[in-house]
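Secondary and tertiary structure notes
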Amino acid sequence: MIHLENIEKLYRTDTIETIALDKINLTIEKGEFLSVMGPSGCGKSTLLNIMGLLDAPSKGEIKIDGQTLTHLSDKQLARFRNKKIGFIFQSFHLINDLNVLDNVELPLLYRDTTARERRRLASEALEKVGLSNRMKHFPTQLSGGQKQRVAIARAIVGQPEIILADEPTGNLDSVMGAEIMNILLQLNNSERSTIVMVTHDELMAKKTHRLVRLFDGSQVQ
Ligand code: ADP
Ligand code: ADP
């Protein structure tokens, strides 16, 4: 599903060069739930951003679904990303002056979907995360766990095959964190979503199929 070959990422400024990723080779199968761990600054977010086509590698190739993506234009990448990939972030990234339903519909605005169809898909996604009773609420009226559930609904509304989650439980207490983890496990189980999750929580990583550890930009496990 996702194939990374000799991925390198360098950040250069006038004075310093940082090797954020150093020759990463990784294949993630369809339906796999992979977790990524490692100390702060080891390259986890960079790796996720490259897999999510938000950031280009300095060297190496990325293939998703058999398609090599290294040479596509920004516009082509954006289209591919919108169709195939859903993102979940630690800090939710909801839009505070849109209600829950409108937040969830956002990714569908870039598609050829009628308003009625958008509403149907968004309601369905909210049902999957157990938030059907909060559709007209605004993000500021929700708990952290509920906000993250809205963010998950937004990530899955376009029925992407891949979900990339950057510390999705990092801002939540352990009860809400466990709830979010259960939703991700369920998406992986019932919809066969391929999931890559960055986490600092060993127990959550244990619940996934495979763990990759990074240290200083290199894969050590
Ligand atoms: P993690 O997610 O594991 O905390 P990151 O992927 O955010 O690590 O960062 C990996 C390394 O790349 C760090 O050393 C960081 O300082 C560096 N880095 C990340 N983004 C930039 C940037 N935009 N410019 C320069 N260096 C960066
Ligand atoms: P934090 O909570 O540490 O601020 P997040 O998990 O929210 O980090 O975001 C991780 C990274 O993804 C950040 O580098 C951020 O710039 C980037 N990012 C967040 N939201 C989006 C988005 N909607 N589109 C593109 N990049 C994003």
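Below you will find a few notes about this structure. This is a predicted model, so every value here is computed, not measured.

About the cut-offs
Residues numbered from 1 in each chain as written. Chains lettered and ligands numbered in written order. Predicted model: local features only at pLDDT ≥ 70, side-chain atom pairs only at ≥ 80, totals over all residues. Heavy atoms only, no water. Salt bridge = Lys/Arg side-chain N within 4 Å of Asp/Glu carboxyl O. Helix = DSSP H or I, 4+ residues; strand = E, 2+ residues; numbered from the N terminus. Buried < 20%, exposed > 50% of the residue type's maximum accessible area, 1.4 Å probe, protein only. Near = heavy atom within 4 Å. Polar contact = N/O pair within 3.5 Å; in protein donor to acceptor, adjacent residues only side chain to side chain. Areas by Shrake-Rupley, 256 points an atom, 1.4 Å probe, with all protein chains shown as cover. 1 Å grid on protein atoms, 1.4 Å probe; cavity = no way out; pocket = protein on both sides within 12 Å on 5 of 7 lines; lining within 4 Å. Points joined across faces, edges and corners; volume = space filled by probe spheres on them. Nonpolar A, V, L, I, M, F, W, Y, C, P; charged D, E, K, R; others polar.

A word on the pattern of salt bridges. Any two side chains of opposite charge can pair if their charged atoms end up close together. Under the criterion given, the structure shown has 14 salt bridges. Put simply, Glu 105 and Arg 118 hold a salt bridge, and the shortest N to O gap is 3.7 Å. Here Arg 118 lies in helix α4 (residues 115-128) and Glu 105 lies in helix α3 (residues 100-105), a separation of 13 residues in the sequence. You'll find Glu 105 and Arg 118 in the same group, each marked buried. One connected set of salt bridges, linked through shared partners, spans Asp 102, Glu 105, Arg 118 and Arg 119.

Near ligand 2 you find Leu 54, Phe 89, Gln 90, Ser 91, His 93 and Asp 166, and these make up its full shell. One of the backbone N or O atoms of Gln 90 is found 3.1 Å from an oxygen atom in ligand 2. Side-chain polar atom of Ser 91 to an oxygen atom of ligand 2: 2.6 Å apart, as the coordinates give it. Compared with its free state, where it exposes 560 Å², ligand 2 has 49% of that area covered by protein.

This brings us to unusual backbone geometry. One can expect most non-glycine residues to show negative phi and most peptide bonds to be in trans. A positive phi is found at Lys 23, a non-glycine position, where the angle reads about 50°. As for its position among the elements, Lys 23 is in strand β2 (residues 17-28). Unusually for a residue other than glycine, Arg 192 sits at a positive phi of about 55°.

Another point: empty space enclosed by the protein. One pass over the structure, following the stated rule, counts 2 cavities of 30 Å³ or more. Here the largest cavity is characterised by a volume of approximately 50 Å³. If you trace the largest cavity, you find it lined by Leu 121, Glu 124, Ala 125, Lys 128, Ile 156, Val 157 and Gln 159. Sort the elements by how many residues they give to the lining of the largest cavity and α4 lands first, with 4 residues. Residues of the lining of the largest cavity, tallied by class, amount to 4 nonpolar, 1 polar and 2 charged. What lines the second largest cavity is Leu 48, Asn 49, Phe 87, Ile 88, Phe 89, Leu 164, Ala 165 and Asp 166. At the level of elements, α1 (44-51), β6 (85-89) and β7 (162-166) are the ones that each hand at least two residues to the lining of the second largest cavity. Residues of the lining of the second largest cavity, tallied by class, amount to 6 nonpolar, 1 polar and 1 charged.

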